[in-house]
Amino acid sequence: MSTNVYDKLEERISSLKELLSEVNTENLIGLVATEFGITVDTSENIFKKTQLNSPFKQYLYLIGLLLSTQDKSKSPKKEPPMEKIKTILNEITGSYAELFLPSEGQEIDERWVEARKISMPVFLNYFNTNSLTYEEQVIERVREWFTPFDKYIQEKSGVSVDELLRIFIFIRDNLQNRFDNISILRGKMDEEREQFFNYMKKKKVSFEQAKKEMVLPNTIKFGEELQLVHHIKIEELKDEFGEEVTKSFINLFSMVRQERNFFYYTESNPFEKSPIWKKSDELLFVPMYKQIIHAIQIQLTSLLEDSEHKAKFYKNRDNKSEDRTLEIFKNLFKDSAAYYTSVFENDKSQNEHDLLVQYGETLFIVEVKASKVKEPFRDPDKAYNRIKRDFKSDGGIQKGYDQGLNLKNLILEKEETVLYDSKGNELVKLEKEKIKQIFIIVVTAENMGVLATNLSYLLEKPEAEPYAWACNLYDLETALNGIIYKQGTINTFIQYLQEREEFHEYLVASDELEILGCFLENGGLQSLNASKDNIVGFDPDFSTVFDEIYFEKRGIISKYRQPKLQQGMSKKSTNGLKRKDIKKSKRKQSKESKKRNRKK
């Protein structure tokens, strides 16, 4: 990136900081809280509502910058210039894409293009995408991954894992209860208002006189609750968890507004790790409550990574990821499949495989990789080298694929293959003639973005071999549960894997759930007509089918949003094909696929 681009970036950030210095803290954070607080309108498009490119991450940055800027505001009643703020925010985040553009006069070769083809989407995905998980999933992972180190965590932080989780739930429930109370009080307040005006009319008194003569308890209570919306009283935390635990939690997870050395969008954001504004010694302001559980995971991970427990932590994380993967598959396959864990290719405990699932004539070889996603370098060439190195590491997708392919070849080379447990005992005998199809699945503990959804970027494989299916642990759980909820079967999952193999390199998405969401909505992927001349990109809204499932399970019914396909990223095709367009042709094209792949 040229010096000129750096200069423009710094100029924009400085301009935003100057603007924020004149903004009242509560006014700005309150506006963000209104859009990302406890209430959810599941039919609302947050991108359209906020006019931001990456609303959640950009707002985290905005608040981090605000709380790291000196407060020079003069009037608490002055509204923040949000339109201007959002424009600069989009300009700042957009500037980072220029990292990957050539400088004036720079020579461009094949290596240059390849490096940026990979590093650009990885970079933008890392910094612009928030964790695509449900809070229950993160709570479960935090409990499983960190509880074995509870003693050390409590010694260093002053609060246990269980207490951190209970505080998060306490804050969430308190915020929700306040919103519920406000909704109830609003109805009662309307009744009081009608009584008030009837009283004025009947008694023939003025508005001011009626105010003196009538008591309006619900109206008063409504005003009090409204003043405390998004707030948590510190005293209530102390009553529930004690003074010392509360003090430790506040020290770790809250911020006051003061000048800090935080500037760039790609820097470590203090507000991501401490997502609560300490408004006073009595009140905490929580604009984005879901970030608290992510902050807990971020801080606990950092604590253990910087300790003597690092190796044990990652070993435990690996084991728990394998255990959870087994549970997820059992939830779909139940008793119709046989499951084998910690499988070895010989009786000397060599060449281990994490999980085999045998369903009739179909075998699933599942390898679990729990390596951490590293922050990408700003330099595209350095980033490209690290991304490739991590992809091919022992904890990377390439290694998982290679392990799975080795076992697949072993099974197909012999009429009978015996596999063993860790003690050298025979675990299972596989007969080649009874296995008609084998799927290789790589499950990652963290979201690998486009590197997982389209393995053609980096995966090395024999030309005749199909691509594996790579999916992170959170999305795997959401995906298989979604198939079940939509009354799909094991064969629905098999059909999906078959069609993902068939069209794999022609589908572009940052999230596997976008592709599966499209599959579930349209009965398959055949109707997309994906090919090397028709690369299909997916609107993020395709994944909202899983949000709808999540809310429907909790009794919240939403209006479905219309997702779009970005179809034909080549010169021969049309952009922005809508869902209604593909529904017309999907029935005929997917009929044969369904008939072929679904067993009666």
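Residues numbered from 1 in each chain as written. Predicted model: local features only at pLDDT ≥ 70, side-chain atom pairs only at ≥ 80, totals over all residues. Heavy atoms only, no water.

**A look at the nonpolar core**
In this structure, Phe 329, Phe 333, Phe 364, Ile 441, Phe 493, Leu 507 and Phe 538 are the most contacted members of the largest nonpolar core, which totals 49 residues. The element that contributes the greatest number of residues to this core is helix H21 (residues 490-503), accounting for six residues. One finds Leu 52, Tyr 61, Ile 63 and Ile 85 within the second-largest nonpolar core, a separate group that totals 39 residues. (Core = buried A, V, L, I, M, F, W, Y, C linked by side-chain atoms within 4.5 Å. Buried < 20%, exposed > 50% of the residue type's maximum accessible area, 1.4 Å probe, protein only. Helix = DSSP H or I, 4+ residues; strand = E, 2+ residues; numbered from the N terminus.)

**Examining a negative patch on the surface**
Residues Glu 235, Asp 239, Glu 240, Glu 243, Glu 244 and Glu 282 make up a contiguous surface patch of negative charge. With three residues, helix H12 (residues 234-241) is the largest single contributor of residues to the negative patch. Within the secondary structure, Glu 243 is located in helix H13 (residues 243-253). (Patch = residues over 30% accessible without salt bridge, like charges linked within 9 Å, V, L, I, M, F, W, Y side chains within 5 Å. Areas by Shrake-Rupley, 256 points an atom, 1.4 Å probe, with all protein chains shown as cover. Salt bridge = Lys/Arg side-chain N within 4 Å of Asp/Glu carboxyl O. Lys, Arg positive; Asp, Glu negative; His and termini not counted. Charge placed at Lys NZ, Arg CZ, Asp CG, Glu CD.)

**Digging into the packing of helix H7 (residues 135-146) against helix H15 (residues 290-305)**
The N-to-C vectors of H7 and H15 enclose an angle of 20°; their axes lie 10 Å apart at closest approach. The angle between the axes of H7 and H15 places the two elements in the roughly parallel class. Crossing of H7 over H15 shows left-handed handedness. Across the interface between the two elements, Glu 135, Val 138, Ile 139, Val 142, Trp 145 and Phe 146 of H7 pack against Lys 290, Ile 293, His 294, Ile 296, Gln 297, Leu 300, Thr 301 and Leu 304 of H15. (Axes fitted to C-alpha atoms, helices over the stretch in contact; angles between N-to-C directions. Parallel < 35°, antiparallel > 145°, perpendicular 65-115°, else oblique. Left-handed = near helix turned anticlockwise from the far one by under 90°. Contact = heavy atoms within 4.5 Å.)

**Comments concerning the pairing of strand E8 (residues 416-420)**
As paired strands, E8 and strand E9 (residues 426-431) are joined by five bridges and run antiparallel to one another. Within the sheet, the bridge partner assigned to Thr 417 lies in E9 and is Leu 430. Between E8 and E9, which follow one another and run antiparallel, lie five residues, and Gly 424 among them has a positive phi close to 90°. (Pairing = 2+ DSSP bridges.)

**As for the confidence of the model for the protein chain**
On average, residues of the protein chain score 87 in pLDDT, and 90% of them are at 70 or above. When the criterion is pLDDT under 50, residues 567-600 qualifies, and its contacts beyond four places in sequence or with other chains add up to 61 contacts. (pLDDT = per-residue confidence, 0-100.)

**Remarks on the side chain of Thr 133**
Among the structural elements, Thr 133 can be located in the loop between helix H6 (110-128) and H7. Note on Thr 133: relative accessible area 17%, which makes it buried. The contacts of Thr 133, once residues within four sequence positions are left out, are Val 138, His 294 and Tyr 474.

**Topic: the pattern of salt bridges**
Inspection of the entire model under this criterion finds 28 salt bridges. Arg 324 is the salt-bridge partner of Glu 327, the closest N and O atoms lying 2.4 Å from each other. Residue Glu 327 and its partner Arg 324 are located together in helix H16 (residues 310-333), separated by three residues, close to a single helical turn. Classification of Arg 324 by relative accessible area gives buried; the value is 11%. A single salt-bridge network, built from bridges that share partners, covers Glu 140, Arg 141, Arg 324, Glu 327 and Glu 477.

**Considerations on helix H4 (residues 55-66)**
With 12 residues, H4 ought to run about 16 Å at 1.5 Å a step, and its terminal C-alpha atoms sit 16 Å apart, in line with that. Buried residues dominate H4, accounting for 12 of its 12 residues. Of the positions making up H4, those classed as buried are Pro 55, Phe 56, Lys 57, Gln 58, Tyr 59, Leu 60, Tyr 61, Leu 62, Ile 63, Gly 64, Leu 65 and Leu 66. (Expected span 1.5 Å × (residues − 1).)

**Looking at the side chain of Lys 86**
With respect to the helices and strands, the residue Lys 86 is situated in helix H5 (residues 82-95). Residue classification places Lys 86 among the buried positions, given a relative accessible area of 14%. Not counting residues up to four positions away in its chain, the partners in contact with Lys 86 are Glu 35, Lys 49, Thr 50, Leu 52 and Tyr 59.

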